[in-house]
Structures are given as C-alpha cells and as structure tokens.
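Fold and contact review
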Amino acid sequence: MTEPASLSAGAEQTQKKESVAVQLMKQEKEVGAPSNELVSASAATGQKDQTTSDYVYRSTRRPEKTDMIKSLVTDQDASRNCELYLPVSSNCSAVESSEDSEEDMYRDAEEIEREKILLSETGSSEYKLSVAPEMDIMEYCRKEWRGNTPAAKRMRKGYEAVAQKFASIRRVRGDNYCALRATLFQALSQATQLPSWLQSEDFTMLPENLLSEYDWIKQWQLKQKLGRKMGEISDEIKEYLVLLRKKWKSISEIKGPIEKQEACDKLFKNEEEEYSLYEALKFLMLKTAIELYNDDKNGRRVPVFSWLLFARDTSSNPCQLMHNHLNHIGHSGGLEQVEMFLLAYALQYTIQVYRLYKYSTDEFITLYPNDPEEDWPVVTLITEDDRHYNIPVRMCQETVL
C-alpha cells in the first residue's frame, strides 16, 4: 500500500490503518475465514455449564478484551529495533473448574515443578500421564457434562457429533503446552514418513543462521534444564531440532499401529524429551513468522492470518511476537487462535478442530489454516473453549483434505 506524498503523518497513519482493516476483512471473506473469529470472538469458559461473551481466553485462565486491529505500528526494523509491549495484566479472578473435574487441566509450569518436587520428596510412584489412556467419548461426555443448562446440552450435542467420526478420546495434560502437545502427539501417531521440511540439509542450522541475522533472538526464553549448565542458545535449540527429527523419523518408520502408538506413549512419558520437542516447535513458529513478515514487507502474498498476527499491539513484528507471546507459551500462557494458524504453517499440517461450544454454527469444525494445501496431512483435535485441547482417536488416520 502506498500513500500520496502530500498527506500529513497523522492522516497517513489513519488512512493506512483504515486501509489495512478493509483489506483484512475483504481477504477474510474471499478465503472463507470463520466470521469474526480472529478480530473479535466469543469463547466459552472452561467452567462447565457457564458461558461468557466478548472475551477471548488464553490458557492462563485470564480473559483479555479483543481489539486486535485498533492500531497499526508503522514500519519498524524488526531485525534490530523493537519496542516491547508487556502483556496486559488482568484483575479478573481465575475461572474455577467444576466440582466434577478430577484435576485442574490448566496448570502452569511452576505448578508442575512443585508437583515434581513433592513427588521426589514423598517417593510416590504415581505419575500423571501427558496424554491419558483412551476413553469412550460419550462416557467422557456424560461424566463431564451432567447439567441441563443450554451450555451442557450444546456440549453433549457436540460430543455426539464427534462420536459419529471417533469412538474414543484421550485427555491431554493442560500445562499451557496442551495445543502443542495435542497437535504433535496426533502428528507423530499418524506419521508414515518424514516431512520434507525435516529432511532439509540446513534444518539443524536454523538457529545459527537466524541468530546471525537477528541478534534479538538471543533473548529467546529456553526451558529450564536441571543439573546442567545452559550453553549457547543456538546449540540448545539445535539440540531440540535434532531430537525432533530423530523422534519423528523413528516413529514414522514403525509399521504396526499398535507399536507406533506404544512408541508415542513412551515418548510423551519422558518429560525431558517431551518438553524439548515443544521448544523446537516454538522455534519453528518463530522462524515461520519471520518468513511471513519478510514476505509481506517485500510485497509477496501472505495468508490472511499473517496480517492479523502482526496487527496486534503486542506483536507488530517478529521480535515482539517472540518477547510477548512465544516466550510465554508453556510458562504463563498457551496458544491464541491466530497462533494456531502459525503452528499449522510451521508444521505444514492442517489442524482440524471440533470446537464444541460452537456446535450448530458454521464454526463448529474449524480448519487451521482455513485454506489448506491439498498435500498437507490432517490432525484432528477437540476443544470445549479454545483454551484446552484433547485428542479424538480410533478413526484418526493420516489423510488429506
């Protein structure tokens, strides 16, 4: 977009913002994006039998007002200079789980660390799995949604619809990594070959190459490693990427479905390896965001979600995205809706989500991205509130749309 040279700075920015908003809405209609999904949304809370409107919830259980395109930061040099916007704090009280819930599925990293310390001190052998064993999907529904409120009835209808395609459900541990965990578990359990982007010769050189161009990546927040000294950040991230390729390759080569599932279960019981894989995914999301940002600045066509991703006050460039969003995933927050698109592009997978609180609307089944590539494999997830994701099983074979 270009502006007449005679416009004042204020008028220029106003016109630019209006033009951006119009373009975004126009492109959304052209590609069939879910209506009002990314700009403003209503989301059900994690509490059973209760709904709250005009908020989008992140996995921290703190609601945030949505106003994603209220301002557009003028062009900045994202590779060197970035102004940081700290996440807005909220005084809203945390949403409590229902009395029927067995455990809080929205624990953060600090809570998990406290649990691990407690277990080591007590010597207890009890261990909560990252992905629970499968359970009949309607039995799970009846256990979770017993009320007769409109919300409970809608959820039961949603589960009944999912049960037409999948027989069982596996509950996913909710520690703010749940979106990454559910997506990766499904991708690995269905994988039959190594994705082309994982076969690239320079795949493990990504950290070194990006750090040489973008010095601010040194502020990437690495997961804590007990009993060892933190090395150079590029070496640490390279280690995660190597592990991701190694595990993906070994699991994809397993022919028997039972053996493949057992390998996945074993991997997601190993916390050290599991959380290293999530760090690899987060870095791939950053790498993808940088590519999209540069493509847009250079006049190349980018998907609609990329406009929305960088229209937020807290992520107008990749540096801000890293500081204010990616660094917090798994620690103090999970993935927002627009970041589900970014994850899908990073993995080159279509993420199909049954959004149960949207039952009977055209957003009940949402695709990330909503205009997927034909050759991208598909993974399927279930969510009740766009914050926590579980896994449907027993019919999830790797297919393409």
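Quantities reported herein were computed from a predicted structural model and do not represent experimental measurements.

1. Structural notes on the overall build of the protein
In terms of regular secondary structure, the protein is built from 13 helices and 10 strands. Across the 401 residues that make up the protein, the buried fraction comes to 50%. Surface summary for the protein: the accessible area is close to 19300 Å², and the carbon and sulfur share equals 47%.

2. Observations regarding helix α9 (residues 257-267)
Because the α-helix completes a turn every 3.6 residues, residues three or four places apart line up on one side. If you check which residues of α9 are buried, you get K260, C264 and L267. Along the long axis of α9, the arc covered by the buried residues comes to 65 degrees, so they all point the same way. Seen from the buried face of α9, the exposed residues on the opposite side, beyond 90 degrees, are I258, E262 and K266. In the core, the buried residues of α9 are packed alongside α5 (178-190), α8 (233-252) and α10 (271-297).

3. Quick notes on the sheet that holds strand β9 (residues 378-383)
Strand order in the open sheet made by the 6 strands is β5-β6-β10-β9-β7-β8, with mixed pairing throughout. Each edge of the open sheet carries a strand with a single partner, namely β5 (135-136) and β8 (365-368). Both β9 and strand β10 (residues 389-393) contribute to a ladder of 2 bridges, which runs antiparallel. Following the sheet pairing, T383 is matched in β10 by Y389. Together, β7 (350-355), β8, β9 and β10 form the strand contacts of helix α13 (residues 337-347), whose direction differs from that of β8 by roughly 55 degrees.

4. A look at the nonpolar core
Note on soluble globular proteins: their nonpolar side chains tend to be buried together. The biggest cluster of nonpolar side chains holds 78 residues, and the ones touching the most others in it are L244 and W248. Among the elements that make up this core, the one with the highest residue count is α10 (13 residues). Not counting residues up to four positions away in its chain, the partners in contact with L244 are L184, W197, L198, F203, L277, A280, L281 and L284.

5. Points about a negative patch on the surface
Residues D371, E373, E374 and D375 make up a contiguous surface patch of negative charge. With respect to the secondary-structure elements, E373 resides in the loop between β8 and β9.

6. What to know about α10
Look at α10: 39 Å from first C-alpha to last across 27 residues, which is about the 39 Å you get at 1.5 Å a residue. The buried fraction of α10 amounts to 19 of the 27 residues, a majority that puts the element mostly inside the structure. The N-cap residue of α10 is N270: its side-chain oxygen and the backbone nitrogen of E272 are 3.3 Å apart.

Analysis parameters
Residues numbered from 1 in each chain as written. Predicted model: local features only at pLDDT ≥ 70, side-chain atom pairs only at ≥ 80, totals over all residues. Heavy atoms only, no water. Helix = DSSP H or I, 4+ residues; strand = E, 2+ residues; numbered from the N terminus. Buried < 20%, exposed > 50% of the residue type's maximum accessible area, 1.4 Å probe, protein only. Areas by Shrake-Rupley, 256 points an atom, 1.4 Å probe, with all protein chains shown as cover. Arc of directions from axis to C-beta. Contact = heavy atoms within 4.5 Å. Pairing = 2+ DSSP bridges. Axes fitted to C-alpha atoms, helices over the stretch in contact; angles between N-to-C directions. Core = buried A, V, L, I, M, F, W, Y, C linked by side-chain atoms within 4.5 Å. Patch = residues over 30% accessible without salt bridge, like charges linked within 9 Å, V, L, I, M, F, W, Y side chains within 5 Å. Salt bridge = Lys/Arg side-chain N within 4 Å of Asp/Glu carboxyl O. Lys, Arg positive; Asp, Glu negative; His and termini not counted. Charge placed at Lys NZ, Arg CZ, Asp CG, Glu CD. Expected span 1.5 Å × (residues − 1). Polar contact = N/O pair within 3.5 Å; in protein donor to acceptor, adjacent residues only side chain to side chain.

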